[in-house]
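# Structure at a glance
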Amino acid sequence: MGMDVYGKAPTSEKGEYFRNSVWYWHPLAEYIQAAHPALAEPCQHWHTNDGDGLDAEQARALGEALRADIHKGTVAAYASAYAARIESIPREGCRYCEGTGTRRDEVGQQMGMVERGWCNACDGVGTCAPPEAHYPFDEANVAAFARFAIASGGFEIW
Ligand SMILES: [Zn+2]
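Structure report, in brief. (Residues numbered from 1 in each chain as written. Predicted model: local features only at pLDDT ≥ 70, side-chain atom pairs only at ≥ 80, totals over all residues. Heavy atoms only, no water.)

## Observations concerning the pairing of strand β6 (residues 154-157)
- With 3 bridges connecting them, strand β1 (residues 2-7) and β6 associate as antiparallel partners. Paired with G7 across the two strands is F155, which belongs to β6.
- Bridge count for strand β3 (residues 52-55) against β6 is 4 bridges, and the pairing is antiparallel. In the strand pairing of β6, G53 is matched with E156. (Pairing = 2+ DSSP bridges. Helix = DSSP H or I, 4+ residues; strand = E, 2+ residues; numbered from the N terminus.)

Next comes the structure, spelled out in structure tokens:
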């Protein structure tokens, strides 16, 4: 599963195609909408594969705004605040072993987890990382998208 973003009239190879897994894409799109609401606004469907996007001028303006954010340190600051927030979310009790660290359901029995006192879902810890932990945000991804957007000649999100 992922998001494929196609340049409509790329001016260089960098503007032809940008791809993110959904895990990387959603935090990136959230940042874009939060940091640059006016620039993001012409695209209504940032989070779905509907072919929505920006035209050449809008895409370039957004890419340059993101680049400026990187230079000012805004993206790095956002990334560390983002990571700290995820870090602060408590881990969840593992539903496969009911928090015991030993998986006793049919799968656990068949795979010998009961004997071993282990659970493959939580590695025997009894808790799992919260869903938010699967959605990383980093500066390198913002930089890659900015590079793409500037050279894309407009883009569509599929
Ligand atoms: Zn477990």
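## Comments concerning a nonpolar patch on the surface
- On the surface, a cluster of nonpolar side chains totalling about 310 Å² of accessible area is made up of Y6, Y17 and W158.
- We classify W158 as partly exposed; its relative accessible area is 41%. (Patch = residues over 30% accessible without salt bridge, like charges linked within 9 Å, V, L, I, M, F, W, Y side chains within 5 Å. Areas by Shrake-Rupley, 256 points an atom, 1.4 Å probe, with all protein chains shown as cover. Salt bridge = Lys/Arg side-chain N within 4 Å of Asp/Glu carboxyl O. Buried < 20%, exposed > 50% of the residue type's maximum accessible area, 1.4 Å probe, protein only.)

## Looking at the pattern of salt bridges
- Overall, the coordinates contain 4 salt bridges when judged by the stated rule.
- The partner of K72 in a salt bridge is D69, with the nearest N and O atoms 3.8 Å apart. With K72 and D69 both in helix α3 (residues 56-72) and 3 residues apart, the pair spans about one turn of that helix.
- The exposure class of D69 is buried, given its relative accessible area of 4%.

## Comments concerning the coordination of the zinc ion
- The coordination sphere of the zinc ion, as far as protein atoms go, consists of C94 (SG), C97 (SG), C119 (SG) and C122 (SG), spread over 2.3 Å.
- Angles of 103 to 116° at the metal separate the 4 donor atoms of the zinc ion, which places the site in the tetrahedral class.
- Sequence spacing of the donors to the zinc ion: C-x2-C-x21-C-x2-C. Here C97 is found in the loop between β4 (92-93) and α5 (106-110), whereas its partner C122 is found in the loop between α6 (113-116) and β5 (127-128), with 25 residues between them in sequence.
- C122 sits in the buried class, given a relative accessible area of 5%. (Donors = N, O, S within 2.8 Å, 3.2 Å for Na, K, Ca; no water. Tetrahedral: all angles 85-135°; square planar, octahedral: opposite > 155°, others 65-115°.)

## Quick word on the nonpolar core
- W25, I32, W46, L66, F145, F155 and I157 are the most contacted members of the largest nonpolar core, which totals 29 residues.
- Sort the elements by how many residues they give to this core and helix α1 (residues 22-35) lands first, with 6 residues.
- Excluding residues that lie within four positions of it along the chain, I32 makes contacts with P37, A40, W46, L62, L66 and F145. (Core = buried A, V, L, I, M, F, W, Y, C linked by side-chain atoms within 4.5 Å. Contact = heavy atoms within 4.5 Å.)

## Comments concerning the packing of α1 against helix α7 (residues 139-152)
- Between α1 and α7, the shortest axis-to-axis distance is 11 Å and the interhelical angle comes to 70°. The pairing of α1 with α7 is recorded here as roughly perpendicular in orientation. In this structure, α1 contributes Y24, W25, L28 and I32 to the contact, and α7 contributes N141, V142 and F145.
- Counted by class, the contact of α1 with α7 contains 6 nonpolar, 1 polar and no charged residues. (Axes fitted to C-alpha atoms, helices over the stretch in contact; angles between N-to-C directions. Parallel < 35°, antiparallel > 145°, perpendicular 65-115°, else oblique. Nonpolar A, V, L, I, M, F, W, Y, C, P; charged D, E, K, R; others polar.)

## Some points on the sheet that holds β1
- The 4 strands are arranged β2-β1-β6-β3 in an open sheet whose pairing can be described as antiparallel. Edge positions in the sheet fall to β2 (17-21) and β3, since each of these pairs with one other strand and no more. When the angles between neighbouring strand axes are averaged without regard to direction, this sheet yields 15°.
- Strands β1, β2 and β6 of the sheet are contacted by α1, whose axis makes an angle of about 105° with β2.
- Each of β3 and β6 is contacted by α3, which is oriented at about 90° to β3, the strand it contacts most.

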